[in-house]
Amino acid sequence: MTKRLEGHHIVVTGGSRGIGAAIVEKALAEGSGVSIIDVEEEAGRAFIASLNAPDRVYFARGDIRFADDIEDFHRGAVAKLGPVTGLVNNAGRNSNADPVTMTEVQWDEFMSVDLKSAWLCARVVLPAMIAARKGAIVNIASVHADHTFPGYFPYAAAKSGLVGLTRSLALEVGRHQIRVNALSPGWTETFLVAEYFARNPPEMRQKVLDVHPMGRIASPAEIANCAAFLLSDEASFVTGANWRVDGGLGARFAG
Ligand SMILES: NC(=O)c1ccc[n+]([C@@H]2O[C@H](COP(=O)([O-])OP(=O)(O)OC[C@H]3O[C@@H](n4cnc5c(N)ncnc54)[C@H](O)[C@@H]3O)[C@@H](O)[C@H]2O)c1
């Protein structure tokens, strides 16, 4: 297999499980070094131990809501694996707030995780990318950026914002040969989706599968394949775009 990410150092936020963990595995398989920042220390350390690549992996516990945590993590990552060549803003969470009772603190906290953090992380890796005249940023958005679902307030606002941030940043850094893309997964088998099915009646899972043109939802590895492409030189003229990986769900009309 061609090693598309040989010589790279990719940062994956929230890389301890789910889609982030699949991107970490794929980047390693493609020859890259990988650094992970995640709030879940125990899960993160157990995951990186399972990868069996201690020289090519760096992990630090950190909360992407906070610039100081990101800067500390970035210093440690660069000290171990050199300048960052690729960033995947993956960490995120669901929001199921009520638009009337949601507090400003809850709003700000949610938007910090699902939107602001992508800028904070980009801010620390961009100087080295600008100096190298090379780099790729992938923002993990969602199909909710285009069409959403009742009960998810204000998840769609954060994910649409992330796609807007992608466009805006792509235009700012394009002249430095840095590419910025969004990747919008549809339903993917991870903790977030398991949590959703657990909250709903058992027939909900079948209902969801039935509306999918392919009759199934994604595995995290299928999302990671697209991320690896966007991070690699094969995507050298791809920037400012939003890549939907939703098994055709977004192409479907109701009925
Ligand atoms: N699973 C899906 O169906 C789906 C669909 C579309 C988009 N997404 C997006 O994909 C991304 C990954 O989702 P997932 O399903 O793998 O979720 P997940 O909950 O399995 O994993 C998210 C990871 O992010 C970490 N994280 C959360 N908040 C953090 C914080 N403040 N600081 C540092 N780390 C933090 C978690 O500890 C966890 O390891 C999210 O941005 C999510 O919105 C998921």
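For the structure given in this document, a descriptive report is provided here. (Residues numbered from 1 in each chain as written. Predicted model: local features only at pLDDT ≥ 70, side-chain atom pairs only at ≥ 80, totals over all residues.)

Focus: the overall build of the protein
Okay, step 1: Counting its secondary structure elements, the protein contains eight helices and seven strands.
Okay, step 2: The C-alpha atoms of the protein give a radius of gyration of 18 Å, which matches the 18 Å a tight globule of 255 residues would have.
Okay, step 3: In terms of overall dimensions, the protein has a C-alpha envelope of 50 × 45 × 40 Å along the principal axes.
Okay, step 4: Considering the protein as a whole, with its 255 residues, one finds that 42% of them fall into the buried category.
Okay, step 5: Long-range contacts, defined as pairs at least 24 residues apart, comprise 71% of the intrachain contacts of the protein with a sequence gap of at least 6. (Helix = DSSP H or I, 4+ residues; strand = E, 2+ residues; numbered from the N terminus. Rg over C-alpha atoms; globule rule 2.2 N^0.38 Å. Buried ≥ 20, exposed ≤ 12 C-beta atoms within 10 Å, placed from the backbone. Contact = placed C-beta atoms within 7 Å.)

Thoughts on the sheet that holds strand β3 (residues 57-61)
Okay, step 1: Here seven strands make up an open sheet; going across it, the order is β3-β2-β1-β4-β5-β6-β7 and the pairing parallel. Only two strands of the sheet have a single partner each, and these edge strands are β3 and β7 (242-245). Put simply, the sheet's adjacent strands are angled 15° from each other on average, direction ignored.
Okay, step 2: Examined bridge by bridge, strand β6 (residues 178-185) and β7 share four bridges and lie parallel to one another. The residue bridging S184 from the neighbouring strand is R244, located in β7.
Okay, step 3: Contacts between helix α2 (residues 41-51) and the sheet are confined to β2 (33-38) and β3, with β3 contributing the most and set at about 170° to the helix. (Pairing = 2+ DSSP bridges. Axes fitted to C-alpha atoms, helices over the stretch in contact; angles between N-to-C directions.)

Examining the site of the ligand
Okay, step 1: Surrounding the ligand, one finds 27 residues, the nearest of these being G14, G18, G92, S142 and T190.
Okay, step 2: Of all the secondary-structure elements, those providing two or more residues to the shell around the ligand are α1 (18-29), β2 and α6 (191-199).
Okay, step 3: A class-by-class count of the residues in the shell around the ligand yields twelve nonpolar, nine polar and six charged. (Near = placed C-beta within 6 Å. Nonpolar A, V, L, I, M, F, W, Y, C, P; charged D, E, K, R; others polar.)

A closer look at the packing of helix α4 (residues 104-132) against helix α5 (residues 155-173)
Okay, step 1: Contact pair α4 / α5: the axes reach a minimum separation of 9 Å and the direction vectors enclose 15°. Judged by the angle between their axes, α4 and α5 are roughly parallel. Crossing of α4 over α5 shows right-handed handedness. On α5, the residues touching F110, M111, D114, L115, A118, W119, A122 and L126 of α4 are A158, K159, G161, L162, L165, L169 and V173.
Okay, step 2: A per-class count over the contact of α4 with α5 returns twelve nonpolar, one polar and two charged. (Parallel < 35°, antiparallel > 145°, perpendicular 65-115°, else oblique. Left-handed = near helix turned anticlockwise from the far one by under 90°.)

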